[in-house]
Amino acid sequence: MRRLLVTGAAGFIGSNFVQYWLEAHRDDHVVALDVLTYAGNLSSLDPVLKNSKLKFVKMDILEGERVRALMEREQIDTIVHFAAESHVDRSIHGPDPFLETNIRGTHELLKAAKTVWLTGGGSGPYQFHHISTDEVFGTLAADAPAFTEETSYAPNSPYAATKAASDHLVRAYHHTYGLPVTTSNCSNNYGPYQFPEKLIPLAIVRALEGKPIPVYGDGLQSRDWLYVRDHCRGIDRILEKGRVGETYNLGGGAERKNIDVIKMLCSKFNAMFQSDAGLRSRFPRCPAADGGDTASLITFVRDRPGHDRRYAVDAMKATLETGYGPAESFETGLGKTIVWYIANEPWWRSVMDGSYKEWMKQHYSG
Ligand SMILES: NC(=O)c1ccc[n+]([C@@H]2O[C@H](COP(=O)([O-])OP(=O)(O)OC[C@H]3O[C@@H](n4cnc5c(N)ncnc54)[C@H](O)[C@@H]3O)[C@@H](O)[C@H]2O)c1
């Protein structure tokens, strides 16, 4: 039985992970920590908030002393660290919070774990699992092989640079102090509870409202797409089987160009609206509601500076060592995601508050 501290637990992947973990490991105790920035929403934990195995704590990972006391009080033996500033565009316009949370926040957490686990007199076993991104590896040429765990770090955005720095700190705490750590670098996630500023939920919400769907540059940037539930299973496999001190790449085996992602999404919308009169009356502004093509909303906008062209992930090490493998294809995962957003309109309306609208107005016209 584990006693987990999950940081960033009210964010996109963190909330999916907490829900997954409580279903898959019913005896475990989960402390869900989040400071609730614009990207953190307690409503994302609604389905499990009454679960007696879950405790939610509003706390900033920058407050290391409070985190340490919480770890002692709750006898935490496992940390799964998601908390971060995560949006590349925001890191370009204002990098400072990224340095604070992603670098200094991770360091506060490492110090707390070191104090409690290595000098606290407990017996363990303990594990600090750090969630990172494939963006630390930089960009790939069109014909280059996918990133492996041996690929050199070459982060290109302030976001990626801060994640790279946090990866190095995690590694250093293992090599210097013997902290039991593992790290996973995963590709682009999508699925339920993703804040509608990232490509797929943004496109879904804009399509439902009949608003332009912004696509950067020529739309030919290529990403590997991982359904969030598969990511959660992958982290579970690493906690179970991963070797201490190692890093593992996690991917969806689904490399797609941004424009192809949006086109697939639009054609799914067209088919769903055609066969469902209820959808047509709920979302009359979507072009598909009166037989039009949702793809007519696609609007190319000025590319963001330094936009990486291609990421692709080789997840063979995780597969061989932990049995990791995604269950969803991109087609099935995207279908589930669209269905979830249609069924959970109150969730996405509630998170799109004033600050979100202000951000959209500044950065995307239409
Ligand atoms: N979303 C992706 O596609 C993706 C891909 C690879 C890696 N990752 C990594 O996965 C992790 C989670 O990403 P996400 O998409 O769920 O992000 P998110 O932005 O949806 O959630 C981040 C959460 O962290 C919380 N948080 C931020 N600063 C905090 C602080 N100082 N103290 C406590 N909580 C704080 C926020 O309130 C939010 O709930 C991040 O570390 C990110 O780098 C994400």
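Up top is the structure these notes are about.
Anyway, here's the lowdown on the structure attached to this text.

1. Section: the site of the ligand
Lining the immediate surroundings of the ligand are 29 residues, of which Gly8, Gly11, Ala39, Gly40 and Ala84 lie closest. Broken down by secondary-structure element, the contributors of at least two residues to the shell around the ligand are α1 (12-24), α4 (96-118), β5 (127-133) and β7 (188-190). Here the element with the most residues in the shell around the ligand is α1; it accounts for three residues.

2. Let's talk about the sheet that holds strand β11 (residues 255-257)
Here we have three strands laid out as an open sheet, ordered β7-β9-β11, and mixed in their pairing. The open sheet is flanked by β7 and β11, the only strands paired with a single partner. Geometrically, the sheet is characterised by an average inter-axis angle of 50° between neighbouring strands, direction not taken into account. Across three bridges, the pairing between strand β9 (residues 222-227) and β11 is antiparallel. Within β11, the residue paired with Ser222 across the bridge is Lys257. Running at roughly 85° to β11, helix α8 (residues 258-275) makes contact with β9 and β11 of the sheet.

3. Some points on the nonpolar core
Membership of the largest hydrophobic core comes to 95 residues, with the highest contact counts inside it found for Val6, Val18 and Leu265. Among the elements that line this core, the one with the most residues is helix α5 (residues 158-177), at eight residues. Residues within four places of Val18 in sequence aside, it is in contact with Val6, Ala9, Val30, Ala32, Leu45, Val48 and Leu54.

4. Looking at the packing of helix α6 (residues 199-209) against α8
With their axes 11 Å apart at the nearest point, α6 and α8 run at an angle of 35° to one another. The handedness of the crossing between α6 and α8 comes out as right-handed. On α8, the residues that touch Leu199, Ile200, Ala203, Ile204 and Ala207 of α6 are Asn258, Val261, Ile262, Leu265, Cys266 and Phe269. Its residues placed into classes, the contact of α6 with α8 shows ten nonpolar, one polar and no charged.

Calculation rules
- Residue numbers run consecutively from 1 along every chain, following the written order of its sequence.
- In keeping with the predicted nature of the model, local features appear solely for residues at pLDDT of at least 70, side-chain atom pairs appear and are counted solely at 80 or more, and the whole-chain, interface and lining totals rest on all residues.
- Using the backbone to place each C-beta atom, any residue with that atom within 6 Å of a molecule or strand is considered near it.
- Secondary structure elements follow DSSP: runs of H or I no shorter than four residues count as helices, runs of E no shorter than two count as strands, and numbering proceeds from the N terminus.
- Strand pairing requires that DSSP identify at least two bridges connecting the strands.
- Interaxial angle, 0 to 180 degrees, is taken between N-to-C directions of lines fitted to C-alpha atoms, where a helix line uses only the stretch in contact.
- Two residues form a contact once the distance between their C-beta atoms, set from the backbone, is within 7 Å.
- Put simply, a nonpolar core is a cluster of buried Ala, Val, Leu, Ile, Met, Phe, Trp, Tyr and Cys residues tied together by C-beta atoms within 7 Å.
- Neighbour counting defines burial: a residue surrounded by 20 or more other C-beta atoms within 10 Å of its own C-beta is buried, one with 12 or fewer is exposed, and intermediate counts give partly exposed, using backbone-placed C-beta atoms.
- The crossing is said to be left-handed when, going from far helix to near helix, the turn is anticlockwise and less than a right angle, and right-handed when the turn is clockwise.
- By the convention adopted, Pro, Cys, Tyr, Trp, Phe, Met, Ile, Leu, Val and Ala count as nonpolar, Lys, Arg, Asp and Glu as charged, and the other residues, Gly among them, as polar.

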